[in-house]
Amino acid sequence: MNTNQTVTVSEKLLFERSTKNRVGVSFPPLDVPEKKPHGSLLRKNLDLPELSEPDVVRHYTRLSHWNFSIDQNFYPLGSCTMKYNPKINEWGARHEAFSLLHPNAPEDSVQGALELMWELQEMLKELSGMDGVTLLPLAGAQGEFTGLKLIRAFHENNKQTRNKILIPDTAHGTNPATCTLAGFEVLKIPTTGEGLLSIEHIQKSLSHDVAALMVTNPNTLGYWEENLKEIADLLHKNGSLVYCDGANFNAFVGLAKMRDCGVDVMHINLHKTFSTPHGGGGPGSGPVAFIKKLEPFQPTPIIKKESEKFSLDWNKSQSIGALSTFYGNFGMLIRAYIYMKTLGIEGLKHMSHMAVLNANYIRARLKKYYDLPFPRKFCLHETIFSDKKQTPYGVTTLDIAKRLLDFGYHPPTIYFPLVVKGALMIEPTESESKQTLDDFCDTMIHIAGEAQKNPQLLKKAPYNTRVRRVDEVRAARNPILTYKLSSTAEE
Amino acid sequence: MEIPEDLLYTEQHEWAHVEEKIVTVGITDFAQSQLGDIVYLDLPKEGTEVSAEDTFGVVESVKAVSDLYAPVSGRVVDVNTSLADSPSLVNDDPYNEGWMIKIQMDSAGNPELKHLLASSAYEELVEGQESSEDGMEKELAGDEDE
Amino acid sequence: MKYIPHTQEEIQSMLSTIGVERLEDIFPQALKQKIDFHFPHALSELEIKKKISDLGLKNKTQYSSFLGGGAYQHFIPEVVDTLSSRSEFSTAYTPYQPEASQGTLQSLFEFQTMIAHLTGMEISNASMYELASACAEAILMALRIQKNRKKVLIAGNIHPRYQQTCLTFLKEQDMEVEWVPYHQETGQIDLTHLSSKLNENVACLLIQSPNYFGVLEPLKEIHQSLKNHGALFITAISDLTSLGLFEPPGSFGADIVVGEAQSLGNPVSFGGPYIGILTSKMDYVRQLPGRLVGETVDLDGKRAFTLTLNTREQHIRREKATSNICTNQNLCALRTSIYLATLGKQGLKEVAVQNYSKTEFAKEVFSKIKNVQLRFSGNTYNEFIYKTPLSNKEVLEKLKEKNILGGLNLSEGILSCFTELTTKEDILYYAQNLKDIVS
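Because the structure is predicted, anything quoted here is derived from the model rather than measured.

About the criteria used
- Residues numbered from 1 in each chain as written.
- Chains lettered and ligands numbered in written order.
- Predicted model: local features only at pLDDT ≥ 70, side-chain atom pairs only at ≥ 80, totals over all residues.
- Pairing = 2+ DSSP bridges.
- Helix = DSSP H or I, 4+ residues; strand = E, 2+ residues; numbered from the N terminus.
- Core = buried A, V, L, I, M, F, W, Y, C linked by C-beta atoms within 7 Å.
- Buried ≥ 20, exposed ≤ 12 C-beta atoms within 10 Å, placed from the backbone.
- Domains from an automatic or database assignment.
- Contact = placed C-beta atoms within 7 Å.
- Nonpolar A, V, L, I, M, F, W, Y, C, P; charged D, E, K, R; others polar.
- pLDDT = per-residue confidence, 0-100.

*Asks:* Quick rundown of the sheet that holds strand 12 (residues 423–426) of chain A? Include the residues and the values.
*Replies:* Residue and element names in this part refer to chain A. One open sheet accounts for 3 strands, arranged 10-12-11; its pairing is antiparallel. Edge positions in the open sheet fall to strand 10 (383–386) and strand 11 (413–414), since each of these has one partner strand only. Pairing between strand 11 and strand 12: 2 bridges, direction antiparallel. Each residue of the ladder has a partner; that of I414, found in strand 12, is L424.

*Asks:* How would you summarise the nonpolar core if you had to cite specific residues and measurements?
*Replies:* Counting 327 residues, the largest nonpolar core has Y243(A), C135(C), A138(C), I139(C), L206(C), I234(C) and V258(C) as its most contacted members. Residues lining this core come from more than one domain, with at least three contributed by each of domain 1 (64–75 + 345–438) and domain 2 (78–338) of chain C. Not counting the four nearest positions on each side in its chain, I234(C) is found in contact with A138(C), I139(C), A142(C), C204(C), L205(C), L206(C), D255(C), I256(C) and V258(C).

*Asks:* Break down the interface of chain C and chain A for me, citing the residues and quoting the values.
*Replies:* The partner chain A presents 159 residues to the 151 residues of chain C that form the contact. When residues of the side of chain C that touches chain A are assigned to their parent elements, the largest contribution, 22 residues, is made by helix 11 (residues 330–367) of chain C. Its residues assigned to classes, the side of chain C that touches chain A shows 70 nonpolar, 54 polar and 27 charged.

*Asks:* Which residues make up unusual backbone geometry, and what are the values?
*Replies:* Here the amide bond leading from G282(A) into P283(A) is cis, since omega sits at 0 degrees, within 30 degrees of zero. Here P283(A) is to be found in the loop between strand 6 (265–267) and strand 7 (288–290). Cis geometry is found at the peptide bond from F416(A) to P417(A), where omega equals -5 degrees. Within the element layout of this structure, P417(A) appears in the loop between strand 11 and strand 12. One non-glycine residue, N403(C), adopts positive backbone phi at about 70 degrees.

*Asks:* So what's going on with the confidence of the model for chain A? Which residues, and what values?
*Replies:* All names here are of chain A. The predicted model of chain A averages 95 in pLDDT, with 97% of residues at 70 or higher. Below pLDDT 50 for its whole length, residues 1–6 participates in 16 contacts with residues either more than four positions away or in separate chains. Long-range and interchain partners of residues 487–491, a stretch whose pLDDT sits below 50, account for 8 contacts in this model, where long-range means more than four residues apart.

*Asks:* Break down the sheet that holds strand 9 (residues 101–104) of chain B for me, citing the residues and quoting the values.
*Replies:* All names here are of chain B. Strands sit in the order 1-2-3-9-8-5 across an open sheet of 6 strands; the sheet is antiparallel. Either end of the sheet is taken by a strand with one partner, and the two such strands are strand 1 (8–9) and strand 5 (49–50). Relative to strand 2 (residues 14–19), strand 1 is paired through 2 bridges, and the arrangement is antiparallel. If you follow Y9 over to strand 2, its bridge partner there is W15.

*Asks:* Describe the environment of I302(A), naming the residues involved and giving the relevant values.
*Replies:* Residue and element names in this part refer to chain A. One can find I302 in strand 8 (residues 302–306). Taking the C-alpha atoms as reference, I302 lies 31 Å from N219; in sequence the two are 83 residues apart. Setting aside anything within four residues of it in sequence, one finds I302 in contact with D313 and K316.

Structure below.
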């Protein structure tokens, strides 16, 4: 059933494959006299595995077979935008004119890299409608931190102490975590029965303490925040700002500019909307777009362009400072740049249109079989179901998710957003064809049937994966975080 | 769902057993069943001062975390150290072997005790929560990234 | 559109299943407006390849480079690219579903093991973004462990961007930073000054070794002074190949070790993506930021791996999380693992010996040039600073005319770096030109 299943060869750990005195690399002979540090500085034990090159190749090739991935599987993970990662992007990132470029090289020798970054900034400015963009944040979470620091700097510059951030109860976990890191207090805003933010709720929460509203649009229920402009006006009147978590940008690229909704600052996840590969959990990239008022506070360095010459400005007196050693995850920037250039504005619009079409198609096909919480007529790029219809049979969202693995599908995001009990959050993205969606929906319907007729089958799923259901309780009660080597003195 | 009659309860699902000035504290059967398999507890050291309704520790399952609230004010005079190695005791035997701390109150007639729920009132609270969507207040995982 | 499969017929059929006639019917009013975008027109694959190559030509990479200072040019075996490019790794998501991610999870478990051994520590997380922000996370971690201590000491000779990044992340925390100056002769942290700053309010000290000047710090002596005051010892390492030769911080009592693993199989790539590491003692595991992989079993009792101790993290703890970090630099961690597995014990030692020997050779040759002086006396690994009577800027400009990127311009002098990629010939060519410039 599952295409992932290769003959399940057991693959030991590197350390278990290791054989004393085996080597996997060769170096030219040392052309200067050999020197070693003296005495207590010299390393006594170095416990690394000893393998030949073919050992290493076989090891990692086998491990690769045990992963689900976009190139093999449909991956409808809500909020994660698991779209196809074009191969030409990879070619660009590996181009030696960029991959061998040292970050400390003189400015006149890195003009191509700076020009690429500048152009990428311009494109992101245009799509967000903002006045400035920084590419420095290394991930979405660091983008959030940057945005909140800009907001803090802005208020401090106005001699105001504002310590509260309003966050809807549908928000990603990073939002409140980032607030803490940036020294803010979180004020949770409830979502209405319609799955939206309400003007009244916001109004009630406003005070002179409120620094900003941190909103995700469309929200994590997959709905456009229809009142956002009015809400933003309220915040602005209160002297507060509006931050947008751009996790769901894929729903509206080329269809709306966040600036027009009253947003003052937003981060954009290049690894979601602009197709840079997730890499099994990173690296990501989280550029931040902002309005003119926040420009003086942006992190350094800043790319400047003067008569076709690019340079880096490291000294800005009001800047929030440094976020990392260099200039962001440059390799990710190349990939996103190529993607945007390849699609152009019409391609980007089509991308968002098809992403929304796909989500609504799944919604239409599955709504008879799975409960639809916060029901509205249409959703945007993702649709959220719950396990309410399966609960009477003792079947949970987790069971449904695990059963999907048996059919070669990566499960949707589960148990998020928190406002939906037993949430199944499905984001198909524009990459998937009608055939793929039909097959997936057929499988989901099949599983809904299994849940009624044979719930026990689901409780023990999956059956066809590399390993069966994993004992996470055991892992947490008695953490084994490294392989224990029997260490022997070497010299 | 077991709710012993001789105990007092908080709205956050701690139980309290009062014996003179000493109050033994743990979490209820309902609480442990909502959390699932408990993997870790963060409990205060002996001698720590705690205040009624403030958090005194944390209980964790694989994907949920819940704060622990002190039913009364006082000084922690004993901690159940066996929970460090066997957190599952809280699941298996929440009212006996799964006890967490003992608090010594200033006086036996502590007025704070009047704010705690009797078993019948707690039972009503639990029934209400079982049928509603919220359940007990805990932070549960959603797997998504930025 | 080649990445989007829908045909007109399919779109119509899907819309009719949804129950609408036109695509725009499923969109809210706000997304139906006509908006103008000033945006470059779409390029074909042929055109974008040309565009990228043209941009590449605007970079100049013909130089003989002696640049270091936080990013290091090392040899990367071909297997690292080949294996890490497998899309089963690169196009997978975070391994939240362990049954579908044993490849990523096992490789991370091996990563954690190798990084813990390399640094001489008990545990490692599954990686951080890069070193500057990892330094900040290490300090935040120390502050969580040392709840009642409010002072953070940072050595004045760590990379200035690490210093600045720490300040950005620590600004909103309830604590104060004090700088520990360095010894003018050795370039190492000034131990007398350090002692004078230590008291019961100091949560931790952050040092870098080798430091920004390339000089190794006296880890043993530093640990001695910290121990008496209960302050945590955090060591940062910007080129982890150095641990192929030097006794690791774990052997000298470090509590937390952070590092930049770019050197272990990741190209310099104009500053990113790189990969930070964070290792510590097991006692501090609950305060560790970032992802952790643990070993367990599946339903059939077979060995399996899973993300574990998740309750520390943002997706559960939200505002009470240990950090807002939710990605690791997984693909870079994979590259690092493949690199370490391929080089192994002997290979990594060989790299380190070559770096050290070439740098010692360069020091010897440079110090014989009239008007060239090595700035600091402390032991180095693959970087050192020299001074000349001329301005650094002038020296570097003139070297550049000879196709040499001689190093970084620091207030203390010129910081030059020598790795296994540097040949004896390169060093002699550099020395010859330097001699011509300064004499």
